[in-house]
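Below, each chain spelled out in residue letters.
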Amino acid sequence: MGEATLRWAQKAPREKREPRVMTQQQRLNALLELVSDRGNVTISEISDALEVSAATARRDLTMLAEQRLVTRTHGGASALGTGYELPLQYKIARQAEAKVAIARAAADLVSPGDTVGLNGGTTTSEVARTLGRSERFTRDDGDFGITIVTNALNIAFELSVRPHVKIVVTGGIARRQSYELVGSLVSNTLSEVVLDVAILGVDGLSAQYGATTLHEGEADVSRQFAKVAKRVVVVADSTKMMKSTFARICPLDQIDILVTDAPLAPAFAEDLAAASVRVIVAQ
């Protein structure tokens, strides 16, 4: 190797790994995941994990702190607590592939002409999209092929453009966290209908407490959906299994089918079998 070549080799920069390119929303999702998983994070840890500059990490933390989603600390941030509910838009990235698989499996349980109840949440929103796109519910005469009854404003909005879907929206008071309507007006609406199937998203599912969620108003709505349905289907990814949250919806024996994305722990599978819950593991 000549002297000039040696000097060039000594000065040549190391090959750098291409940084991940994320939108701001994806970056905020990832940052919230990081804070939630670790409890406390530093600017340095954020920079390393998300491959962003310290300045970007600080700006993102400031934005989340202003929305009261994290607590700023000296040099970083901490989670607000395990029972804190993130707004729906920050949950979209979580378990995304699992939710799509669960949605497909749940949609297969619905027949043309059915009246389906859907509560709010990222998994039920994916179920709604799958039902809305399905050609099974398109009729030659142009009439409705499926009826969706929901208290979720985002679901109603998305499905309103589908000509084969009849949308029934309950009344109620809107929650900004989840886009769900809650309160006595929801119960008034649901008491007047009969559902072929209620497809419910939950925040926890355990043998001791059954199906649970974070907000008592949403728990009451889900309970009303289950009460007026011929079949109750719970859609929940593996992160919700054997966990319980603040507000109880119903015990296991009021659930007909669980659709999830991974095999269950043997003991929990036995608990579900004892409660006559059929388990479908989405592929």
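Just above sits the structure.
Notes on the structure in this doc start here. (Residues numbered from 1 in each chain as written. Predicted model: local features only at pLDDT ≥ 70, side-chain atom pairs only at ≥ 80, totals over all residues. Heavy atoms only, no water.)

1. Considering the overall build of the chain
- Helix and strand counts for the chain stand at 10 helices and 15 strands.
- Counting over 283 residues, the chain shows a buried share of 47%.
- At a minimum sequence separation of 6, the contacts of the chain that also span at least 24 residues come to 66%.
- Counting every atom, the chain has about 14900 Å² of accessible surface; 51% of that belongs to carbon and sulfur. (Helix = DSSP H or I, 4+ residues; strand = E, 2+ residues; numbered from the N terminus. Buried < 20%, exposed > 50% of the residue type's maximum accessible area, 1.4 Å probe, protein only. Contact = heavy atoms within 4.5 Å. Areas by Shrake-Rupley, 256 points an atom, 1.4 Å probe, with all protein chains shown as cover.)

2. Here's the deal with helix 5 (residues 96-107)
- Given a rise of 1.5 Å per residue, 12 residues ought to cover 16 Å, and the 17 Å separating the end C-alpha atoms of helix 5 matches this to within 8%.
- The inward-facing, buried residues of helix 5 contact helix 6 (122-133), strand 9 (197-201), strand 12 (232-235), strand 14 (257-260) and strand 15 (278-281). (Expected span 1.5 Å × (residues − 1).)

3. Considering the nonpolar core
- Ile199 and Val259 are the most contacted members of the largest nonpolar core, which totals 28 residues.
- Among the secondary structure elements, those contributing two or more residues to this core are helix 5, strand 4 (115-118), helix 6, strand 5 (146-150), helix 7 (153-159), strand 9, strand 12 and strand 14.
- Broken down by element, this core gets its largest block of residues, six residues, from helix 5.
- If sequence neighbours within four positions are ignored, isoleucine 199 has contacts with Ala106, Val110, Val116, Gly117, Leu118, Asn119, Thr124, Val127, Val233 and Val235.
- Formed by 18 residues, the second largest nonpolar core is a distinct cluster that contains Met241, Ala247, Ile249 and Ala275. (Core = buried A, V, L, I, M, F, W, Y, C linked by side-chain atoms within 4.5 Å.)

4. Some words on the packing of helix 5 against helix 6
- Contact geometry of helix 5 with helix 6 gives a least axis separation of 8 Å together with a crossing angle of 55°. As the angle between them shows, helix 5 and helix 6 are arranged oblique. Helix 5 and helix 6 meet at a crossing whose hand is right-handed. Where helix 5 abuts helix 6, its residues Lys99, Val100, Ile102, Ala103, Arg104, Ala106 and Ala107 lie against Thr122, Thr123, Glu126, Val127, Thr130 and Leu131.
- Looking at the contact of helix 5 with helix 6 residue by residue, the class counts come to seven nonpolar, three polar and three charged. (Axes fitted to C-alpha atoms, helices over the stretch in contact; angles between N-to-C directions. Parallel < 35°, antiparallel > 145°, perpendicular 65-115°, else oblique. Left-handed = near helix turned anticlockwise from the far one by under 90°. Nonpolar A, V, L, I, M, F, W, Y, C, P; charged D, E, K, R; others polar.)

5. Description of the sheet that holds strand 9
- Reading across from one edge, 6-5-4-9-12-14-15 is the order of the seven strands in this open sheet, with parallel pairing throughout. Taken across any chain shown, the strands that pair with only one partner, and hence form the sheet edges, are strand 6 (165-169) and strand 15. Along the sheet, successive strands turn relative to each other by an average axial angle of 20°, direction set aside.
- Summarising the sheet, strand 12 and strand 14 pair through three bridges and their orientation is parallel. Bridged to valine 234 within strand 14 is leucine 258. (Pairing = 2+ DSSP bridges.)

6. Observations concerning unusual backbone geometry
- Of note, methionine 242 is a non-glycine position whose phi angle comes to about 60°, a positive value.
- Phi is positive for serine 276, which is not a glycine, with a value near 65°.
- Looking at the element boundaries, serine 276 is found in the loop between helix 10 (266-274) and strand 15.
- A relative accessible area of 60% means that serine 276 is categorised as exposed.

7. Overview of the side chain of arginine 27
- Of note, arginine 27 is situated in helix 2 (residues 24-38).
- Residue classification places arginine 27 among the buried residues on the basis of a relative accessible area of 14%.
- Leave out the neighbours within four places in its chain, and arginine 27 touches Met22, Leu50, Val52, Thr56 and Asp60.

8. What to know about the pattern of salt bridges
- Summed over all chains, the structure comprises 10 salt bridges.
- For aspartate 60, the salt bridge is made with arginine 27, and the minimal N-O distance between the two is 2.5 Å. Residue aspartate 60 is located in helix 4 (residues 54-66), and its partner arginine 27 is located in helix 2; the two are separated by 33 residues in the primary sequence.
- For aspartate 60, a relative accessible area of 3% puts it in the buried group.
- Glutamate 158 is the salt-bridge partner of arginine 129, the closest N and O atoms lying 2.9 Å from each other. Taken together, the residues span a long stretch of sequence, with arginine 129 in helix 6 and glutamate 158 in helix 7 at a distance of 29 residues.
- Since its relative accessible area comes to 26%, arginine 129 is described here as partly exposed.
- On the basis of relative accessibility, which here comes to 32%, the residue glutamate 158 falls in the partly exposed class. (Salt bridge = Lys/Arg side-chain N within 4 Å of Asp/Glu carboxyl O.)

9. So, helix 4
- Taking 1.5 Å per residue as the helical rise, helix 4 with its 13 residues ought to reach 18 Å, and the 18 Å between its terminal C-alpha atoms agrees with that figure.
- For helix 4, the complete set of buried residues consists of Thr56, Ala57, Asp60, Leu61 and Leu64. For helix 4, the arc enclosing every buried residue in end-on projection is 130°, short of the 170-degree limit, so these residues lie on one face. Seen from the open side of helix 4, the exposed residues pointing more than 90 degrees away from its buried face are Arg59 and Glu66.
- Tucked inside the fold, the buried residues of helix 4 contact helix 2, helix 3 (43-50), strand 2 (71-73) and strand 3 (76-78).
- Note on helix 4: the residue one or two positions beyond its end, arginine 68, has a positive phi of about 60°. (Arc of directions from axis to C-beta.)

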